[in-house]
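Structure at a glance
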Amino acid sequence: AAAAAAAPAPAAAPAPAAATSAADAAEDPATNRKVLQLLERAGAAFTTSTHAPCRTSEDAAAVRGATLASGAKAILVRAKVGAAASEFVLVVIAADQKLDSKACKKALGAKSISFASEAEVLEITGCVPGAVPPFGSAWGLRTLMDTSVQEQGATINFNAGLRTFSVLGLAVADYVRAEAPTVCRVRA
C-alpha cells in the first residue's frame, strides 16, 4: 500500500515570487493527481511535501532539505527521427548532472534533438517548466532514464506536476517498476 502521507516541508528560502507567480497561475493539478494515482497503483511507498514554488533543481533541493543528486530532473526533448518525423521524449537524469546531447541523440536513434520550448512543455504535459514529473507515460511519451538516477542513491525526489508539491523518498526500484523507462547513459 502507498504511504502518501504529507510530510512537513523543510525550511528554506522560497523562490522569488515575481519569477514564479504567472507560471504558478497556469499550473493545472491534473498531472499531480495522475502521478500520485500511478504511484499508488504501483504500491510505491513515498511521502509528499507542499512548499514554496521551485523552478530549478537547486531551489527544489534546498526547499526539500535534500541533496541535489537525489532530484530526478525531467527534461522534455524533441527527437527528429526522419526527414519530417519527430517525437517528444522525456529524459530523466539526476539533478546534479547535465544532459549530453550527442549521447541522448544516439540513445534515441535520432538525427537531432532539441529542448522543448516552455509553450511545448505546457501543451504536452500540462505542467510549467520545473513541475514536470519523471513520468513520460503520463502523456504517452517514451521515457529515457540516465544511469545517474540509479547511481545517486536508493531514493529520488521530484516535483509532481506542480512547482509547489514534491514526492519524496520514492525508491528508485519503485520508480523503475512504475514507469519502465529505457535505462541508458545520456549525461555529460
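The sections below set out a description of the structure shown in this document. (Residues numbered from 1 in each chain as written. Predicted model: local features only at pLDDT ≥ 70, side-chain atom pairs only at ≥ 80, totals over all residues. Heavy atoms only, no water.)

1. Considerations on the pattern of salt bridges
Counting across every chain of the model gives six salt bridges. A salt bridge links R55 to E118, with the nearest nitrogen and oxygen atoms 2.8 Å apart. One end of the pair, R55, is in the loop between β2 (47-50) and α3 (57-64); the other, E118, is in helix α5 (residues 118-125), and 63 residues separate them in sequence. Each of D146, E151 and R187 takes part in one network of salt bridges that share partners. (Salt bridge = Lys/Arg side-chain N within 4 Å of Asp/Glu carboxyl O. Helix = DSSP H or I, 4+ residues; strand = E, 2+ residues; numbered from the N terminus.)

2. Focus: the side chain of S166
Among the secondary structure elements, S166 is positioned in strand β8 (residues 165-171). Look at S166 and you get buried, because its relative accessible area is 0%. Reaching out from S166, the side chain makes a polar contact with the side chain of H51 at a distance of 2.7 Å. Excluding anything up to four places from it in sequence, S166 contacts T47, T48, S49, H51, R64, F158, N159 and A160. (Buried < 20%, exposed > 50% of the residue type's maximum accessible area, 1.4 Å probe, protein only. Polar contact = N/O pair within 3.5 Å; in protein donor to acceptor, adjacent residues only side chain to side chain. Contact = heavy atoms within 4.5 Å.)

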